[in-house]
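The primary structure of each chain is shown beneath.
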Number of protein chains: 2
Amino acid sequence: MSASMESSMFTPHKYFLAHISLDCVVFGFHENQLKVLLAKLKGRDEWGLPGGFVGIQETAEYAASRVLKERTGLDQVFLQQFYVFSDPDRGEQLKEVESLKAISGSAIDIEWFKQRFISIGFYALVEFSQVEPTPDVISDACQWWDLAEVSKLMLDHNLILQKALETLRLQLNYQPIGYNLLPATFTMPELQRLYEAILGKQLDRRNFHRKITGYGILKKLNERRTGVAHKAPDLYSFDLDKYHQALKEGLQGGW
Amino acid sequence: MSASMESSMFTPHKYFLAHISLDCVVFGFHENQLKVLLAKLKGRDEWGLPGGFVGIQETAEYAASRVLKERTGLDQVFLQQFYVFSDPDRGEQLKEVESLKAISGSAIDIEWFKQRFISIGFYALVEFSQVEPTPDVISDACQWWDLAEVSKLMLDHNLILQKALETLRLQLNYQPIGYNLLPATFTMPELQRLYEAILGKQLDRRNFHRKITGYGILKKLNERRTGVAHKAPDLYSFDLDKYHQALKEGLQGGW
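Residues numbered from 1 in each chain as written. Chains lettered and ligands numbered in written order. Predicted model: local features only at pLDDT ≥ 70, side-chain atom pairs only at ≥ 80, totals over all residues. Heavy atoms only, no water.

You'll find chain A entered in an unreviewed UniProt entry as NUDIX domain-containing protein, with Rhodocytophaga aerolata given as the organism.

Overview of the packing of helix α8 (residues 188–199) of chain B against helix α9 (residues 205–214) of chain B
Residues and elements named next belong to chain B. One way to put it is that α8 packs onto α9 with a least axis distance of 11 Å and a crossing angle of 95 degrees. When the axes of α8 and α9 are compared, the pair comes out roughly perpendicular. Between α8, through Met188, Leu191, Gln192 and Tyr195, and α9, the contact on the second element is made entirely by Arg205, Phe208, His209, Ile212 and Thr213. A breakdown of the residues in the contact of α8 with α9 according to their chemical character gives five nonpolar, three polar and one charged. (Axes fitted to C-alpha atoms, helices over the stretch in contact; angles between N-to-C directions. Helix = DSSP H or I, 4+ residues; strand = E, 2+ residues; numbered from the N terminus. Parallel < 35°, antiparallel > 145°, perpendicular 65-115°, else oblique. Contact = heavy atoms within 4.5 Å. Nonpolar A, V, L, I, M, F, W, Y, C, P; charged D, E, K, R; others polar.)

Focus on the nonpolar core
Within the largest apolar cluster, 48 residues are counted, with the highest numbers of intra-cluster contacts made by Val25(A), Phe27(A) and Leu191(A). Top contributing element to this core by residue count: helix α8 (residues 188–199) of chain A, with seven residues. Counting residues domain by domain, this core receives three or more from each of domain 1 (2–171) and domain 2 (188–249) of chain A. Membership of the second largest hydrophobic core comes to 47 residues, among which are Leu38(B), Leu147(B), Val150(B) and Leu203(B). (Core = buried A, V, L, I, M, F, W, Y, C linked by side-chain atoms within 4.5 Å. Buried < 20%, exposed > 50% of the residue type's maximum accessible area, 1.4 Å probe, protein only. Domains from an automatic or database assignment.)

Notes on the packing of aromatic side chains
Summed over the entire model, instances satisfying the criterion amount to 34 aromatic pairs over all chains. Measuring from ring centre to ring centre gives 4.3 Å for Tyr174(A) and Tyr174(B), while their planes differ by 5 degrees; the resulting arrangement is stacked. Here Tyr174(A) is found in the loop between α7 (157–171) and α8, whereas its partner Tyr174(B) is found in the loop between α7 (157–171) and α8 on a different chain. Exposure class is identical for Tyr174(A) and Tyr174(B). Each is buried. Plain terms: the ring middles of Phe16(B) and Phe53(B) are 5.6 Å apart, the flat faces sit at 50 degrees to each other, and that makes the pair tilted. One end of the pair, Phe16(B), is in strand β1 (residues 16–30); the other, Phe53(B), is in strand β4 (residues 51–55), with 37 residues separating them in the sequence. (Phe/Tyr/Trp six-rings, centres within 6.5 Å; stacked < 30°, edge-to-face > 60°.)

Overview of the relation of the copies chain B and chain A
Least-squares fitting of chain B to chain A yields an RMSD of 0.0 Å, with the superposition described by an axial translation of 0.0 Å and a rotation of 180 degrees. Read as a symmetry element, the transformation amounts to a two-fold axis. The overlap is high: 100% of the interface residues of chain B also sit at the interface in chain A, so the same surface is used on both sides. (Least-squares fit on C-alpha atoms with pLDDT ≥ 70 in both.)

Some words on the interface of chain B and chain A
Across the boundary between the two partners, chain B contributes 39 residues, which contact 40 residues of chain A. Between the two partners, chain B and chain A, sit zero salt bridges. On the surface where chain B and chain A come into contact, there are twelve residue pairs in polar contact (both at pLDDT 80 or more). Of all elements in the fold, only β1, β4, α3 (60–72), β5 (78–85), β6 (118–125), α8 and α9 of chain B reach the threshold of two or more residues within the side of chain B that touches chain A. Sort the elements by how many residues they give to the side of chain B that touches chain A and β1(B) lands first, with four residues. A class-by-class count of the residues in the side of chain B that touches chain A yields 21 nonpolar, eleven polar and seven charged. (Salt bridge = Lys/Arg side-chain N within 4 Å of Asp/Glu carboxyl O. Polar contact = N/O pair within 3.5 Å; in protein donor to acceptor, adjacent residues only side chain to side chain.)

Given below as structure tokens:
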């Protein structure tokens, strides 16, 4: 795929729909931190979200999963569109010739990047440990960043990241989360840390326990975390039938 | 606006971005029924959602509000993007020459309609009584339909309508609703009928009362509905400060 992808960037108008791009906000969770995957443009000290274009015969979802596979090595990722970014001036930065020269080392069609793009934002939740960050043809680095350490990104990518995070926070109120961000088994404190990392605030332990078990999406396992000094904590996994039902119909406690 | 809109359909490529369309699911509430605004294609017995294209210097939101103003006469409507529809075959129907001839009476550029469009879905919640349904240049009727009476629509518009309704149902769990669908003052049973119409199911009166007042978005007024035979029901309005806060941050009861 990456070979054909590379050649497609020499004559992109033959492969992709004009005016439509996509940007992927890939969240991972590691050591109690929410991480986001960023790529660095070739020859510039500027980072941005992994992105791409929609193939002439692709759905936007297929295009996003293709981009994600290229950047992370992952298939079958939890991937969801969340917003369309269509400010007519969002691409101004790419129209500056200097900015384009930097990424044009490999004979990429510069005119393609100068057109106006409306970008479909996707967010993905992935298991941090399974990702192999991989740069694409216009970037020379791809790596995880702590959300708290992300500064000025290219184009409107800070806005896209912010909107993805807001979407995730709102969705905590009506959809289950965690299956794609945590290992198969986890402790209650680990799940709470994930919620806290997404919400950016601390939660009360008892309220969290009461509320999350009330959703009926957790299975308490007949095993405990071993190798810890004191009282071994209970292990949980998601009840996948109920989890997927709740993804579709909303969490219990709705109307 | 409608004059320039008409002329823009003769040479649409000069006015609009290629490959991108938008479709508006306009919901209204009347006599305890959820209604949706549909337009009928010229010369065909086929109905569809009001839609349009994105002007070369417009945001998608601006384009949607422009389309909505043209179809309903309304400004400042609650309008929200909810999903992008990008099946490469979703426009197949429009490629049939017969189908296009029917709407080409006014010298519209047929080639424009034959390209592949990725459509951004918007939904709007409007006060039924304030809408003046108005056909556009490719339709000869525009009117409200009971949601329950909607049958096969053009293209993938049934899917778009279904997805809008699912979005609305999920959003009932974390966002307030009703301000744009009900008159300024209303009774508790009227608000409950709205929720029931959206959810497509009956709700328990007491649970509804407890839950909706728990959100803290209602103001009980010092007046009652007059002109009714028996005990006059209490009147309510939304506390707009708290309503808008909840729109942004989610309803109380979240994390």
